[in-house]
Protein chains: 2
Amino acid sequence: MRKINENEIQKVKLGDVADKAGVSRTTVSRVLNNRGYISDKTRQKVHEAVELLNYQPNEIARSLFIKKTYIIGLIFPTTNNPFYGQLIFHLENICESLGYRVLLCNSQGREDKEKDYLKMLQRHQVDGIIAGAHNRGIEEYNNQHLPLVGIDRYLSKNIPVVSSDNYDGGKKATRLLIDKGCKQIIHINGSPSLETPANLRREAYEDVMKENQFHPRTYIIGDNIIERLFDENPNVDGIFASDDLIAANVIREAKRRNINIPGDLKVIGYDGTETTRILLPELSTIQQPVKEIADLAIKLLMKQINGESESQIEWKLPIKLIKGETT
Amino acid sequence: MRKINENEIQKVKLGDVADKAGVSRTTVSRVLNNRGYISDKTRQKVHEAVELLNYQPNEIARSLFIKKTYIIGLIFPTTNNPFYGQLIFHLENICESLGYRVLLCNSQGREDKEKDYLKMLQRHQVDGIIAGAHNRGIEEYNNQHLPLVGIDRYLSKNIPVVSSDNYDGGKKATRLLIDKGCKQIIHINGSPSLETPANLRREAYEDVMKENQFHPRTYIIGDNIIERLFDENPNVDGIFASDDLIAANVIREAKRRNINIPGDLKVIGYDGTETTRILLPELSTIQQPVKEIADLAIKLLMKQINGESESQIEWKLPIKLIKGETT
DNA sequence: ATAAATATGTCAACCGGTTGACATACAGAT
DNA sequence: ATCTGTATGTCAACCGGTTGACATATTTAT
């Protein structure tokens, strides 16, 4: 550890270890990477020098040569959302257990940010990317000779997508409301122009409604959408929100209007994250298998990284209906 | 873009751009980094070649030479917690705006993981680290010639710590309960052996209690702690939980026991994250200035990265009392 | 006409590791 | 005595950028 000037400290490098151990740089590298023949005596000398100098190999230099960074890029709208927070937690966790690190990107649902992040991750030579963000028209995902997996988002024809069984979730949610006697059921969802399997929640809702001779009505998330919904549908008695935060907002607005839940209005959400279960345990919801989604996404990504082939593109994992006190 | 074999695609590199533009590699580098004198004609030729080949500079190679990665390491317990999720969102956001990327580490409050992450981040040559995790006895943070900032955690004598004004928060929370007429107020907090400014919440609670001739009683988070609290204190009429999730659990247990809130029992939490405000808006809480904390932490980190000096170690940012319906 | 300043671009070393090719030494086999 | 195989270690090129030193024009000043 030689000082170069007051501010800059020269890091210990492989050559320093070699000098201290009295061997060549190659030998040190061989010892550290367990390659070729090395005598026990040499091995020990090297390890001692490493300890003594507290040597930390420079992964940047290593990555440059071996052309692998052991870094996975994650592109999601925001960690400030219980679902993504939980998902990212698991993704990072699994990566760590496999020796990979994670570069985090909050795209905030903005196409421009997502494009920039995608480029940035490539410049940083990440080994793969898992994206669950907004995606309309990000043609950059095509022709990307880079391992990719989408979560709840179609990125391109041949990029695998992992999601919960959105259709089943939508079906079960809608059926629950109907079974509980709701007659005027409204669905709140994101923009259908986003190409996501989450649209299947809406499809299922509409199918089930029609099956039961009800008239489906879907509101698209937007400004004051919940107030408008109540204003325009004073007799609404069932709401299926496509995520728990929206459901919570619905409940709050209902309270404000003195609408009794579940007496006059039944509400069911979607996601069922751990945070929601703690903060709003009474909410009925469709719980996504977050950990399983993360597991599968990583598994599919690793397959690509290791050059193994896999023809299945769409993967659906079973959801769980949680009957709370809001239905 | 030459194919080497079926699986491996050779990336476009600087030399390819140089060839295409009919100049040397140095010239291309100069153009891309705006250094030295370059004629407009040359500049344009280079840019055309870059476009044509869709050239993405290899940041790894660049980092190796300039000894800077523009990567910041974040070590926090878990993104699956509204407070950290929101904090990490802002941290990433600010970093991005400054041209830095973020390597995410979920230490899960485990000392061994935190140590491993710290080493890993160093091997990856990150430019700095912001940590808000468990820290007892991580002496590795000392003698780290690496820009560091702690959030709500003392890492080492001379590493800056940013936190909300925990003492003021604890004071305001306790006073609110007293003002509302509570006589038997109990505080729930994490282990006091963790060296965090969050302990000041407890200190303030105890000080205010004594000031008012009340007997302070603090429970440390653990298994079935909330049930035990109720069992052991049937007459408790005020609970100050050191975070909102705990407060939510208290509320749930109270409901189970048919204890009316806020009639028989008043509850106040701490954090006031956006998620809590949506899912449990009625909860009284002390709101931390999450964005401001992130802003300041990054500012302090950048100062270190840029070699500017700063003598202040502890930084406290004002909290906001949110009076909800649980008090 | 000549020196000095301004443009423009090339060469080659360097960042800190990794690894194929090669040198040397020695034991055992023929 | 010679060959083969096993051990042990060194040399130097390489990964893909960056940059100081230097060469060559071209323009301006004296």
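Being a predicted model, the structure only gives us computed values, none of them experimental.

Enquirer: What should I look at first to understand the overall build of chain A in this one?
Expert: Counting secondary structure elements, chain A contains 12 helices and 12 strands. Its C-alpha atoms give chain A a radius of gyration of 26 Å, more than 25% over the compact-globule value 20 Å for 327 residues. Across the 327 residues that make up chain A, the buried fraction comes to 54%. Nonlocal contacts in chain A, meaning residues at least 24 apart in sequence, comprise 67% of its contacts between residues at least 6 apart. Surface exposure of chain A reaches about 15000 Å², of which carbon and sulfur atoms provide 45%. Both charge centroids of chain A, one from 45 positive and one from 44 negative side chains, sit 5 Å from each other.

Enquirer: Mind showing me how you'd approach the nonpolar core here?
Expert: Looking at soluble globular proteins, one finds that nonpolar side chains tend to be buried together. Within the largest apolar cluster, 57 residues are counted, with the highest numbers of intra-cluster contacts made by A:Leu87, A:Leu91, A:Ile130, B:Leu87 and B:Ile130. Per-element accounting of this core gives the leading share, 10 residues, to helix α12 (residues 290-305) of chain B. Residues in contact with B:Ile130, not counting those within four places in the same chain, are B:Gly73, B:Leu74, B:Ile75, B:Phe76, B:Leu91, B:Val149, B:Ile151, B:Ala297, B:Ile298 and B:Leu301. Ranked by size, the runner-up nonpolar core spans 44 residues in total, among them A:Leu280, B:Leu229, B:Val267 and B:Leu283.

Enquirer: What am I meant to see in the protein's contact with DNA strand D here?
Expert: Residues in contact with DNA strand D amount to 25 residues; listed here are only the nearest, A:Tyr37, A:Thr42, B:Lys13, B:Arg25 and B:Arg62. Taking the atoms of DNA strand D that fall within 4 Å of the protein, sugar and phosphate contribute 61% of them. Residue A:Lys67 places a side-chain N or O atom 3.0 Å away from a phosphate oxygen belonging to DNA strand D. Secondary structure elements with two or more residues in the surface near DNA strand D: α2 (25-33) and α4 (59-66) of chain A together with α2 (25-33) and α4 (59-66) of chain B. Looking at the surface near DNA strand D element by element, the count peaks at five residues for α2(B). Across the surface near DNA strand D, the residue classes tally to eight nonpolar, 10 polar and seven charged.

Enquirer: Quick question: what am I supposed to make of the sheet that holds strand β9 (residues 266-271) of chain A here?
Expert: Backbone hydrogen bonds hold the strands of a sheet together, and the pairing may be parallel or antiparallel. Residue and element names in this part refer to chain A. Spatially, β7-β6-β8-β9-β10-β12 is the arrangement adopted by the six strands of the open sheet, whose pairing is mixed. Because the sheet does not close on itself, it has two edges, and the strands there are β7 (218-220) and β12 (320-322). For this sheet, the mean angle separating the axes of adjacent strands, direction not counted, is 20°. The sheet contact formed by strand β8 (residues 238-241) and β9 spans three bridges and is parallel. Note on β9: the bridge partner recorded for Ile239 is Val267. Packed on one face of the sheet, helix α9 (residues 225-232) meets β6 (185-189), β7 and β8 and runs near 150° to β7. Running over the sheet, helix α10 (residues 244-256) touches β6, β8, β9 and β10 (284-287) and is turned about 155° from β9.

Enquirer: In this structure, what is going on with the packing of helix α7 (residues 166-179) of chain B against helix α8 (residues 199-211) of chain B? I would like to understand it.
Expert: A pair of packed helices is captured by two measures, namely the crossing angle of their axes and the spacing between those axes. Residues and elements named next belong to chain B. At a minimum axis distance of 7 Å, the contact between α7 and α8 shows a crossing angle of 40°. Classified by the angle their axes make, α7 and α8 are oblique. Judged by the twist between their axes, the crossing of α7 over α8 is right-handed. Only Leu200, Arg201, Glu203, Ala204, Tyr205, Asp207, Val208, Met209 and Glu211 of α8 make contact with α7, whose side of the interface consists of Asn166, Tyr167, Gly170, Lys171, Thr174, Arg175 and Ile178. Among the residues forming the contact of α7 with α8, the class breakdown is seven nonpolar, three polar and six charged.

Enquirer: Where do I start with the relation of the copies chain A and chain B in this structure?
Expert: The relation between the two chain copies is a rotation about an axis coupled with a shift along that axis. Superposing chain A onto chain B takes a rotation of 180° plus a shift of 0.1 Å along the axis, which leaves an RMSD of 0.1 Å. Each copy turns onto its partner about a two-fold axis. For chain A, the smallest separation between a C-alpha atom and the rotation axis is recorded for A:Leu103, amounting to 2.3 Å. A share of 100% of the interface residues of chain A reappears at the interface of chain B, consistent with the copies meeting face to face through the same patch.

Enquirer: What am I meant to see in the domain arrangement of chain A here?
Expert: Size of an interface, as often reported, equals the accessible area lost when the parts are brought together. All names here are of chain A. Examined at the domain level, chain A breaks down into domain 1 (14-57), domain 2 (67-163 + 291-317) and domain 3 (166-288). Here the C-alpha centre of domain 3 lies 29 Å away from the C-alpha centre of domain 2. Listed as interface residues are 14 residues of domain 2 and, on the opposing side, 15 residues of domain 3. If you look at where domain 2 meets domain 3, you find one salt bridge. Scanning the region where domain 2 abuts domain 3 turns up five residue pairs in polar contact (both at pLDDT 80 or more). At the level of secondary structure, the elements contributing two or more residues to the side of domain 2 that touches domain 3 comprise α5 (82-97) and β5 (161-164). A total of three residues in the side of domain 2 that touches domain 3 trace back to one element, the largest contributor, which is α5. Looking at the side of domain 2 that touches domain 3, its residues break down into five nonpolar, five polar and four charged.

Enquirer: Help me understand the protein's contact with DNA strand C in this model?
Expert: Looking at DNA strand C, there are 25 residues lining it, with A:Lys13, A:Arg25, B:Thr26, B:Tyr37 and B:Thr42 nearest. Close to the protein, within 4 Å, the atoms of DNA strand C belong to sugar or phosphate groups at a rate of 61%. A:Leu14 places a main-chain nitrogen or oxygen 2.8 Å from a phosphate oxygen of DNA strand C. Between B:Thr26 and DNA strand C, the recorded distance is 2.6 Å, taken from a side-chain N or O atom to a base nitrogen. Going through the elements one at a time, α2 and α4 of chain A together with α2 and α4 of chain B are the ones with two or more residues in the surface near DNA strand C. A per-element tally of the surface near DNA strand C places α2(A) first, with five residues. The residue makeup of the surface near DNA strand C, split by class, is eight nonpolar, 10 polar and seven charged.

Basis of the calculations
- Residues numbered from 1 in each chain as written.
- Chains lettered and ligands numbered in written order.
- Predicted model: local features only at pLDDT ≥ 70, side-chain atom pairs only at ≥ 80, totals over all residues.
- Heavy atoms only, no water.
- Helix = DSSP H or I, 4+ residues; strand = E, 2+ residues; numbered from the N terminus.
- Rg over C-alpha atoms; globule rule 2.2 N^0.38 Å.
- Buried < 20%, exposed > 50% of the residue type's maximum accessible area, 1.4 Å probe, protein only.
- Contact = heavy atoms within 4.5 Å.
- Areas by Shrake-Rupley, 256 points an atom, 1.4 Å probe, with all protein chains shown as cover.
- Lys, Arg positive; Asp, Glu negative; His and termini not counted.
- Charge placed at Lys NZ, Arg CZ, Asp CG, Glu CD.
- Core = buried A, V, L, I, M, F, W, Y, C linked by side-chain atoms within 4.5 Å.
- Near = heavy atom within 4 Å.
- Polar contact = N/O pair within 3.5 Å; in protein donor to acceptor, adjacent residues only side chain to side chain.
- Nonpolar A, V, L, I, M, F, W, Y, C, P; charged D, E, K, R; others polar.
- Pairing = 2+ DSSP bridges.
- Axes fitted to C-alpha atoms, helices over the stretch in contact; angles between N-to-C directions.
- Parallel < 35°, antiparallel > 145°, perpendicular 65-115°, else oblique.
- Left-handed = near helix turned anticlockwise from the far one by under 90°.
- Least-squares fit on C-alpha atoms with pLDDT ≥ 70 in both.
- Domains from an automatic or database assignment.
- Salt bridge = Lys/Arg side-chain N within 4 Å of Asp/Glu carboxyl O.

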